[in-house]
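# A closer look at the structure
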Amino acid sequence: MTSRLSCLSPRRLAPLWPVAAGALAATGQAPLSLWPAAILGFALLTLAVLRAERPARAARAGWLFGAGYFALALAWIVEPFMVDIARHGWMAPFALVLMAGGLALFWGGAAALAKRVAPAGLPAALALAATLTLAEALRGWIFTGFPWALIGHALIPSPLLPLAAWGGPHALSLLLLWPATLLGAALSHPGRSRIAPALLALAGFAAPLALALSLPPRALPAGAEAPVLRLVQPNAPQREKWLPDRIPVFFNRLQQLTTEEGTDGQRPDLVIWPETAVPYLLNEGAALTDLLAESARGSALAFGVQRRDGADYYNSLALLDANGEISGTYDKHHLVPFGEYLPLADLMADVGIGALASRFGGGYTPGPGARLMELPGIGRALPLICYEAVFPRDIRAAPARPDLLLQVTNDAWFGSFSGPYQHLAQARLRAVEQGLPLVRAANTGVSALISADGELLASLPLNTTGHLDVTLPPPSAPTPYSRHGDWPALLVAFALFCVAAAGFVHHVFRSSPES
């Protein structure tokens, strides 16, 4: 008994406290959105890195912190595997452990690099802010990228959100890490020597806050002649969505919500159905388009659907115009690994693993890339299917500036606690970055209208059935971020890293015996 208790002694458990600090930082993500807790969590990480005796110890602290952070922030990732528990449930814990541990490697490497170039004091704290920001940019690109639960996402509900129009998500990461790491440096100093870094931490938050609050509003209200859009939320649980006896129920629900008259007796200019809302292939031809046109009753209809082209299947968004003709299609090009396609598909098939979200064997084929869809009487929309909205680089890859962002998604895969709300938060960030209104139709929610400054103008709650008629606000002027992307924020992070490294080198030379 004594030997068992000794394993739980504070001394043995002490190395694990970065895990708890990481979980604390993760509470900054939606739906909790406790962004001050995120600042405190990263301050504690800084304290652990500064106290580490060598880079390897700093790497361990960074990895443990990241593991705790991602385990909580990405807890929703088990949900897709629970849709078909008998087939995929066994993979759920492995998915979370591997995802949390794998993504934590980026932060472990960032902590080790910061410790190596500036082992102590303020230079080490600033180096950590820089290396974590650069590591976040890297994980947003490598292996197709997964920029979910970025550090800066904690500031989406904060007053600093307008600054994303200037520097995007990595600017928000820097704005959170600058005061957090300086606060960590203050905690590591004894007595009165804490005052200087504490004041710098306060200034590092107060200055950008004052700037954000002084910025004039960018978004304009909708005019009297603005188009009316109807967002339809059928609320089809993923476990039931493709059951043969439930398919007619959900499709009839879509039709009924679409045919209902508006409060003023007028039909909406455009009706929007979520991702894969139509349970038939687009290739069904006139039989399908006539059925959809009957539901639309003279309105244009944008709907999520699957389509086939030879041996290839696509996750698509199609537009049925007011005349009942298909006038445009968009094929999703940024597919979800293991969800919509399988890396090493032949090997995976041998062990019985298929693409979770695809109904067609090995998964979907990616489309050719970002493209605009002309919506008559409304303007040019940039279609985004599901998690394409978490990649700002894909939005900037559009061939021209759109008038609005149009997202259709099926967040039923993400459960009902954190995943759908995190997805919604990132949609708000995309609107701010681009200065564009964003409309999203989600199968189980949250369907919403978001203004060009990120304000949630209207929404349907999660796990409810209904439709929402909204008046589309105009876009704002192009933002600095829409023109320059991530490079300014990343160059600032790299410059901060160089300054931190140079400051430490200068300190070493000044304190050497030869000097």
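Just so we're clear, the structure is a prediction, and the values are computed from it rather than from any experiment. (Residues numbered from 1 in each chain as written. Predicted model: local features only at pLDDT ≥ 70, side-chain atom pairs only at ≥ 80, totals over all residues. Heavy atoms only, no water.)

Turning to the overall build of the protein chain, a few remarks are in order. In terms of regular secondary structure, the protein chain is built from 18 helices and 12 strands. In summary, the protein chain has a C-alpha radius of gyration of 25 Å against a globular reference of 24 Å for 515 residues, a match within 12%. If one aligns the C-alpha atoms of the protein chain with their principal axes, the spans along those axes are about 85 × 60 × 40 Å. Contacts in the protein chain between residues far apart in sequence, at least 24 positions, make up 69% of those at least 6 positions apart. A total accessible area of about 21700 Å² is found for the protein chain, and carbon and sulfur atoms account for 64% of it. Distance between charge centroids for the protein chain: 16 Å, based on 35 positive and 34 negative side chains. (Helix = DSSP H or I, 4+ residues; strand = E, 2+ residues; numbered from the N terminus. Rg over C-alpha atoms; globule rule 2.2 N^0.38 Å. Contact = heavy atoms within 4.5 Å. Areas by Shrake-Rupley, 256 points an atom, 1.4 Å probe, with all protein chains shown as cover. Lys, Arg positive; Asp, Glu negative; His and termini not counted. Charge placed at Lys NZ, Arg CZ, Asp CG, Glu CD.)

Residue Ala 30 is joined to Pro 31 through a cis peptide bond whose omega torsion reads 10°. Structurally, Pro 31 can be placed in the loop between α3 (17-26) and α4 (35-51). Gly 445 connects to Val 446 through a cis peptide bond whose omega is 10°. Here Val 446 shows up in the loop between β9 (438-442) and β10 (447-450). With a phi angle near 75°, Thr 144 is a residue other than glycine that sits in the positive phi range. By the secondary structure assignment, Thr 144 is in the loop between α9 (121-139) and α10 (164-188).

The next point concerns the environment of Asn 235. Mapping Asn 235 onto the fold places it in the loop between β1 (228-233) and α12 (247-259). Accessibility expressed as a relative area gives 15% for Asn 235, which makes it buried. In this structure the C-alpha to C-alpha distance between Asn 235 and Leu 254, which are 19 residues apart in sequence, comes to 9.5 Å. Asn 235 has contacts with Phe 250, Arg 253, Asn 443, Thr 444, Asn 463, Thr 464 and Thr 465, leaving out every residue within four places of it along the chain. (Buried < 20%, exposed > 50% of the residue type's maximum accessible area, 1.4 Å probe, protein only.)

Moving on: the side chain of Arg 139. Within the secondary structure, Arg 139 sits in helix α9. Every residue in contact with Arg 139, bar those within four places of it in the chain, is listed here: Phe 70, Leu 103, Phe 106, Gly 145, Phe 146, Pro 147, Trp 148, Ala 149 and Leu 150.

Below, the discussion takes up the environment of Ala 118. Relative to the assigned elements, Ala 118 resides in the loop between α8 (92-117) and α9. Through-space distance from the C-alpha of Ala 118 to that of Leu 128 is 9.0 Å; in sequence the pair is 10 residues apart.

Overall, mixed pairing links the 6 strands, which are arranged β5-β4-β3-β2-β1-β12 in an open sheet. The open sheet has two edge strands with one neighbour each: β5 (326-331) and β12 (466-471). Within the sheet, the average angular offset between the axes of one strand and its neighbour, ignoring direction, is 30°. Relative to β12, β1 runs antiparallel, the two being bridged by 6 bridges. Paired with Leu 231 across the strands is Leu 468, a residue of β12. Packing of α12 onto the sheet brings it into contact with β1, β2 (270-272) and β12, and relative to β1 it is tilted by some 155°. (Pairing = 2+ DSSP bridges. Axes fitted to C-alpha atoms, helices over the stretch in contact; angles between N-to-C directions.)

For the rest of this paragraph, the subject is the pairing of β1. The buried fraction of β1 amounts to 5 of the 6 residues, a majority that puts the element mostly inside the structure. The parallel pair β1 and β2 is bridged by α12, and the resulting crossover is right-handed. (Right-handed = clockwise from strand over helix to strand, strands pointing away.)

Moving on, we come to a nonpolar patch on the surface. A cluster of nonpolar side chains, Leu 32, Leu 34 and Phe 417, forms an exposed patch at the surface whose accessible area comes to about 300 Å². Following the sequence through the fold, Leu 32 ends up in the loop between α3 and α4. (Patch = residues over 30% accessible without salt bridge, like charges linked within 9 Å, V, L, I, M, F, W, Y side chains within 5 Å. Salt bridge = Lys/Arg side-chain N within 4 Å of Asp/Glu carboxyl O.)

Since one α-helical turn is 3.6 residues long, residues separated by three or four positions face the same way. Spanning 17 residues, α4 covers 25 Å between terminal C-alpha atoms, matching the ideal 24 Å at 1.5 Å per step. Taken across its 17 residues, α4 has 13 buried, putting it largely inside the fold. (Expected span 1.5 Å × (residues − 1).)

The next thing to look at is the packing of α9 against α10. Running from N to C, α9 and α10 point in directions that differ by 155°, and their axes come no closer than 9 Å. Taken together, the axes of α9 and α10 lie roughly antiparallel to each other. As α9 runs across α10, the sense of the crossing is right-handed. Seen from α9, the contacting residues are Leu 122, Ala 125, Leu 126, Leu 128, Ala 129, Leu 132, Thr 133, Glu 136 and Ala 137; seen from α10, they are His 170, Ser 173, Leu 174, Leu 177, Trp 178, Thr 181, Leu 182 and Ala 185. When grouped by side-chain class, the residues that make up the contact of α9 with α10 number 12 nonpolar, 4 polar and 1 charged. (Parallel < 35°, antiparallel > 145°, perpendicular 65-115°, else oblique. Left-handed = near helix turned anticlockwise from the far one by under 90°. Nonpolar A, V, L, I, M, F, W, Y, C, P; charged D, E, K, R; others polar.)

Now for helix α16 (residues 419-434). Along its 16 residues, α16 runs 23 Å from first to last C-alpha, staying within 8% of the 22 Å computed at 1.5 Å per residue. α16 sits mainly inside the fold: 14 of its 16 residues count as buried. Just past α16, the residue Gly 435 takes up positive phi, approximately 70°.

All told, the structure shown has 8 salt bridges when counted by the stated rule. Among the ionic pairs, Glu 53 bridges to Arg 54, the shortest N-O distance being 3.8 Å. By relative accessible area, which is 40% here, Arg 54 ends up partly exposed.

A word on the confidence of the model for the protein chain. Averaged over the protein chain, the pLDDT score is 90; the fraction of residues at 70 or greater is 91%. Below pLDDT 50 for its whole length, residues 346-351 participates in 4 contacts with residues either more than four positions away or in separate chains. In this model residues 511-515 is a low-confidence stretch, pLDDT under 50, and it forms 2 contacts with partners more than four residues away in sequence or in other chains. (pLDDT = per-residue confidence, 0-100.)

With that out of the way, let us pick up the sheet that holds strand β7 (residues 379-385). The strand order across the open sheet built from 6 strands is β6-β7-β8-β9-β10-β11, with neighbouring strands paired in mixed fashion. Of all strands in the sheet, those with a lone pairing partner are β6 (373-375) and β11 (456-460), marking the two edges. On average, adjacent strands in this sheet sit at an angle of 20° to one another, irrespective of strand direction. As defined by bridge partners, strand β8 (residues 404-409) adjoins β9 across 5 bridges and the pair is classed as parallel. Across the sheet, Gln 407 pairs through a bridge with Arg 440, a residue of β9. Together, β8, β9, β10 and β11 form the strand contacts of α16, whose direction differs from that of β9 by roughly 160°.

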